[in-house]
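# Chain and residue survey
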Amino acid sequence: MKKAIIVFLSMMLISFSYSLNNDVYALDLKQEKQNIVESLEDLKNNHAISKKSKKHIDDAIEKINESLDEKYWKNGSELNIKEGEKVLNVDKNSINKLDSILEDKKESSIIKNEIFMINLKIAEIDRALVDNAIISIQEIIMSEKGLKKLDKAIQNFEEGDELLDNNDYDKAMKKFLKSWDLIKQSLKDPNVKKMKMIEFEGTGDFNFDGVPDVYLKLIDVDKANKPKQVKIKITGECVNGVIHDDASMKIGFSTQENLSIVFFDEEFTTTNKWFKKYDPDKKINPVVITTVAEYFSFPSSGDDLIQMNSGNEFGSFEFTNQPIGEIGEQTGWTGEFAFNGEPGDYSLRFFLPLTEPTNEGDSCNFVSSFSIPTTINP
């Protein structure tokens, strides 16, 4: 086998964007919601507004403040997939509270106009939040069933978008809520995520809660003509166990084509210190995939990266109960392995055993496999 230098493609991490109909949204979406609260506070202090309307405004402010809870947000313009539906429901409730003012025949037209514009802004923010969620999960290669759910989510989003363009924010919000529900449903089937790296180091968030579930780093990248080590830190949840007997994760190499059935396992030698010493064939056997259907399930072929020797209970990965900073202070597994191979463009793929996500969608197995674009140069 030729000696090679392994270089991980240096790629920007996934970025999200959003678009709105007007230009007032220069800040992030969470800040825009806070600005709405401030606008409502100012409106409540207007001497011309009725006592009854002030009560509706107080109720709306309480709801919007509830939606600003940190547990719902990944950053200022993205919601956790699991929690996002709660934010949209709370926003819909706040709009309903403010709609009561619009129905009050005694309230002035000036006040009603301001309330109407605030309701439009709330709905526009939620439109952007749903749009961002759709953009984020489009980076995942999903099963056929998952793709159908995502298509329906996009259809509902587009219908809501059209309704909002016509200022029908109430019906638009119903469409956005339906879209979010379909987004969550689309993630209930095993998925493959492309993990991207910056300067040979990166993290991956597999349940869309804003906390990384896996950390990878390519070690000694500048040392030529030697197999390169990959350092991994991954939550115990992702490998389905906290002891060697019940924890597993496998690797494979493929072309970079989506859903490729051409794998190059015979061209690679994958080693680490433990397998060099204890594994009978002195290597980890990479996964062999022969059909697209196998792409979305935990392979029966290949050795687990996480193993134990029954004689001395020594494994290639170690589990720690101490918080690991690189994966959001979660507990999990840490380990390293090295590999080299024939020159070419490949994907280094990691297979996780969790292929049946929970109904709550709070486990790592939104993703059953993740991959890193990999180039091996002569």
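Okay, so let's go over this structure. The residue numbering used here restarts from 1 in each chain and proceeds along that chain's sequence as written. Only residues with pLDDT of at least 70 get local features here, since the model is predicted, and only at 80 or more are side-chain atom pairs given and counted; chain-wide, interface and lining totals rely on the full set of residues. No hydrogens and no water enter the side-chain calculation; it runs on all heavy atoms of the structure.

## Regarding the overall build of the protein
Numbering of helices and strands starts at the N terminus; helices are DSSP runs of H or I of at least 4 residues and strands are runs of E of at least 2. The secondary structure content of the protein amounts to 7 helices and 14 strands. When accessible area is computed with a 1.4 Å probe and restricted to protein chains, residues below 20% of their type maximum are described as buried, those above 50% as exposed, and intermediate ones as partly exposed. Taking all 378 residues of the protein together, the buried fraction comes to 50%. Whether two residues touch is decided by their heavy atoms; if any such pair falls within 4.5 Å, the residues are in contact. When contacts within the protein are restricted to residue pairs at least 6 apart in sequence, long-range pairs at least 24 apart make up 70% of them. Accessible surface area values rest on a Shrake-Rupley calculation with a 1.4 Å probe, where residue burial reflects the displayed protein chains alone. Accessible area for the protein stands at about 17,500 Å²; split by element, carbon and sulfur atoms hold 47% of it.

## Observations concerning the nonpolar core
Ranked by internal contacts, the top residues of the largest apolar core, which has 84 residues, are Leu40, Leu216, Ile232, Ile234, Phe350 and Phe370. In terms of residues, this core owes the most to one element, helix H4 (residues 109-137), which gives 13 residues. Residues from two domains meet in this core; each of domain 1 (24-188) and domain 2 (201-376) gives at least three. Look past the residues within four positions of Leu216 in its chain and what remains in contact with it is Met195, Met197, Phe200, Glu201, Gly202, Val230, Lys231, Ile232, Phe350, Phe370 and Ile372. To qualify as a nonpolar core, a set must consist of buried Ala, Val, Leu, Ile, Met, Phe, Trp, Tyr and Cys residues joined through side-chain atoms within 4.5 Å. The split into domains, and so the bounds of each, comes from an automatic or database assignment of domains.

## Some remarks on the pattern of salt bridges
We define a salt bridge as a contact between a side-chain nitrogen of Lys or Arg and a carboxyl oxygen of Asp or Glu at a distance within 4 Å. Enumeration according to the criterion identifies 14 salt bridges in this entry. Between Lys30 and Glu70 there is a salt bridge whose closest N-O contact spans 2.6 Å. With Lys30 in helix H1 (residues 29-44) and Glu70 in the loop between helix H2 (51-67) and strand E2 (73-75), this residue pair connects regions lying 40 residues apart in the sequence. The buried category is assigned to Lys30, whose relative accessible area is 16%. Residues Lys86 and Glu83 are paired through a salt bridge, measuring 3.0 Å at the closest nitrogen-oxygen approach. What makes Glu83 buried here is its relative accessible area of 13%.

## Quick look at the packing of H4 against helix H5 (residues 144-165)
Every axis in this analysis is a line fitted to C-alpha atoms, fitted for helices over the stretch in contact. Angles between the N-to-C directions lie between 0 and 180 degrees. Contact geometry of H4 with H5 gives a least axis separation of 11 Å together with a crossing angle of 155 degrees. Of the possible angle classes, the one that applies to H4 and H5 is roughly antiparallel. For the pair H4 and H5, the sense of crossing is left-handed. The residues of H5 that touch H4, namely those facing Leu120, Ala123, Glu124, Arg127, Val130, Asp131, Ile134 and Ile137, are Leu150, Ala153, Ile154, Phe157, Asp161, Leu164 and Asp165. Gly counts as polar in this scheme, as do all residues outside two lists: the nonpolar Ala, Val, Leu, Ile, Met, Phe, Trp, Tyr, Cys and Pro, and the charged Asp, Glu, Lys and Arg. For the contact of H4 with H5, the residue count by class is 10 nonpolar, no polar and 5 charged. Should an angle lie under 35 degrees it is considered roughly parallel, over 145 roughly antiparallel, and from 65 to 115 roughly perpendicular; all remaining angles are considered oblique. A clockwise turn of the near helix away from the far one marks a right-handed crossing, whereas an anticlockwise turn of less than a right angle marks a left-handed crossing.

## Some points on the packing of helix H3 (residues 84-102) against H4
Contact pair H3 / H4: the axes reach a minimum separation of 9 Å and the direction vectors enclose 165 degrees. The angle between H3 and H4 falls in the class roughly antiparallel. The two elements H3 and H4 meet at a crossing, and its hand is left-handed. Contacts between H3 and H4 involve Leu88, Asp91, Ser94, Ile95, Leu98, Asp99, Ile101 and Leu102 from the former and Ile111, Lys112, Ile115, Phe116, Ile118, Asn119, Ile122, Ala123, Asp126 and Val130 from the latter.

Purely geometric numbers; function is a separate question.
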